[in-house]
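Chains, contacts and geometry: an overview
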Amino acid sequence: MEVSLESTQNSLVQKPEDNSRSAILQEIARVLSLGEGVRKLSLQGLIKRLAPMLHVSRCDLYFHNSAGELKQVGTWVREQPEGEYPRLREARLWPELEPVRSGEVVVVTKESVTGERAEWYAREGITALIAVPVMTGDRFDGVLFLAQREGRPTEEHLSLYTLLAGGLSSLKGSMEMYRLLSEREEQLQYLQRMEALGAMAGGVAHDFNNLLMAMMGNISILLHERDRDNPEYMRLESIRQYIASGSKLTKQLLGFAQGDTYAALPIDLNWIITDMIKMFGRTHKELKIKSFLEKNIWAIVADANQVEQVLMNLLVNASQALPGGGTIEILTRNIDISENQASLYLASSGRYVEIVVKDDGEGMPQKVLDRIFEPFFSTRASESSSGLGLSAVYGIVK
């Protein structure tokens, strides 16, 4: 009885492609098992780990950005050719590569290209360029470009490249999911901190307001007992004005803490903004205030006094960023918020009116930006700022 040693050995020895497939699957499974730790990884790092397992000389990964453009997120080169290796930043698909958008794997060999493309193939020593779609379900999200310097890709190669593209899509989705969860957790922690500060601010405001009212009552009695030409009358009146200013601060605190009840009615934001610009502009001649207001703005249900307070605090904050003068722009527009967008702002989907107030100041560092809505926080001297303006804006809008 004869036994074919050749067939037995072939069944026991794996092909290089099988080894690569197994290694890629193991690496993808390892990364996915990291759980929350996957958000700390980068697609560039993943390409550098996975691409060497392939029968290619170059690998470039592109994904759609928020503007719908294909932008490079990872690249790998097996051997650095002479001269500087070109780093592609934006993918401009050749006409023959367009089918990749429909989910097809496209192979362009050196025999099928002419002109500048043929020169590029010759310069890089490329025999075939493979474009593999990166899909999320039925949606085209990106493309994996692979360049070979030897022969044409076999069916096993193409299957392996498609496997890698699918794995990268899964990894990207997992990375985005955990990053989004992390952002939501940070938002929740921030809201909890702000609610705690609001509760504290509301308690302080009520207690402080009681003290002010007691002082105001006594001052009013003393003023009533004196004539206007009495020297003490002016001093008492000055004290009364200081108490009134303190009362305004407590109202800002109460607004932040949402401790009061307000009258919400349909209002026209454009009308309030136009009136506020006129009033604010009279006392800030050094500023140029421009408005870009949508003509058919939707009515909103809100308290007009609160909206005026929000606008005033935003304008004051912008003016303080322009001590030498500058430009402030106010924009309004109608927007529809989808469920996905609403989740980012912890709001509900629907129709909204957006107000944008911006200035041409120098901006602020991230560590300041992270605290701008905290009550009593200010980057200015304590005697020139209460640190309550933007916290009141936050409380009212929230």
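Structure: above.
As the structure is a prediction and not an experimental result, all values here were calculated from the model.

Analysis parameters
Residues numbered from 1 in each chain as written. Predicted model: local features only at pLDDT ≥ 70, side-chain atom pairs only at ≥ 80, totals over all residues. Heavy atoms only, no water. Buried < 20%, exposed > 50% of the residue type's maximum accessible area, 1.4 Å probe, protein only. Helix = DSSP H or I, 4+ residues; strand = E, 2+ residues; numbered from the N terminus. Pairing = 2+ DSSP bridges. Core = buried A, V, L, I, M, F, W, Y, C linked by side-chain atoms within 4.5 Å. Contact = heavy atoms within 4.5 Å. Axes fitted to C-alpha atoms, helices over the stretch in contact; angles between N-to-C directions. Expected span 1.5 Å × (residues − 1).

When you tally the buried positions in strand β5 (residues 139-148), you get 9 out of 10 residues, the bulk of the element. For strand β1 (residues 58-64) and β5, the ladder comprises 6 bridges, and the chain directions are antiparallel. Residue pairing in the sheet places Phe63 in a bridge with Gly142 of β5. Here strand β4 (residues 128-136) pairs with β5 via 9 bridges, running antiparallel. Along β5, the bridge assignment pairs Pro133 with Val143. Where β4 folds back onto β5 in an antiparallel hairpin, the turn is made up of 2 residues, including Gly137, whose phi is positive at roughly 70°.

It is worth spelling out the nonpolar core at this point. Counting residues in hydrophobic clusters, the biggest one holds 26 residues, and the most contacted among them are Ile47, Leu54, Leu61, Leu144, Leu146 and Tyr161. Considering each element in turn, this core owes the most residues, 8 residues, to helix α5 (residues 155-224). Contacts of Leu54, omitting those with residues within four sequence positions, involve Ile24, Arg78, Leu146, Leu160, Tyr161 and Leu164.

The next thing to look at is the sheet that holds strand β9 (residues 326-337). The mixed open sheet is built from 3 strands, whose spatial order is β7-β9-β10. Two strands bound the open sheet, and with one partner strand each, they are β7 (287-293) and β10 (350-359). Averaged over neighbouring strand pairs, the angle between their axes works out to 15° when direction is ignored. Pairing of β9 with β10, which is carried by 10 bridges, proceeds in the antiparallel orientation.

Taking 1.5 Å of rise per residue, the 15 residues of helix α7 (residues 269-283) would be expected to cover 21 Å, and the 22 Å separating its terminal C-alpha atoms lies within 8% of that figure. Each element contacted by the buried residues of α7 is listed here: β6 (265-267), β7, β8 (300-302), α8 (304-320), β9 and β10.

Moving on: the environment of Glu339. Among the secondary structure elements, Glu339 is positioned in helix α9 (residues 339-344). Once the C-alpha coordinates of Glu339 and Gly350 are considered, the two residues, 11 residues apart in sequence, prove to be 8.2 Å apart.

Purely geometric stuff here, so don't read any function into it on its own.
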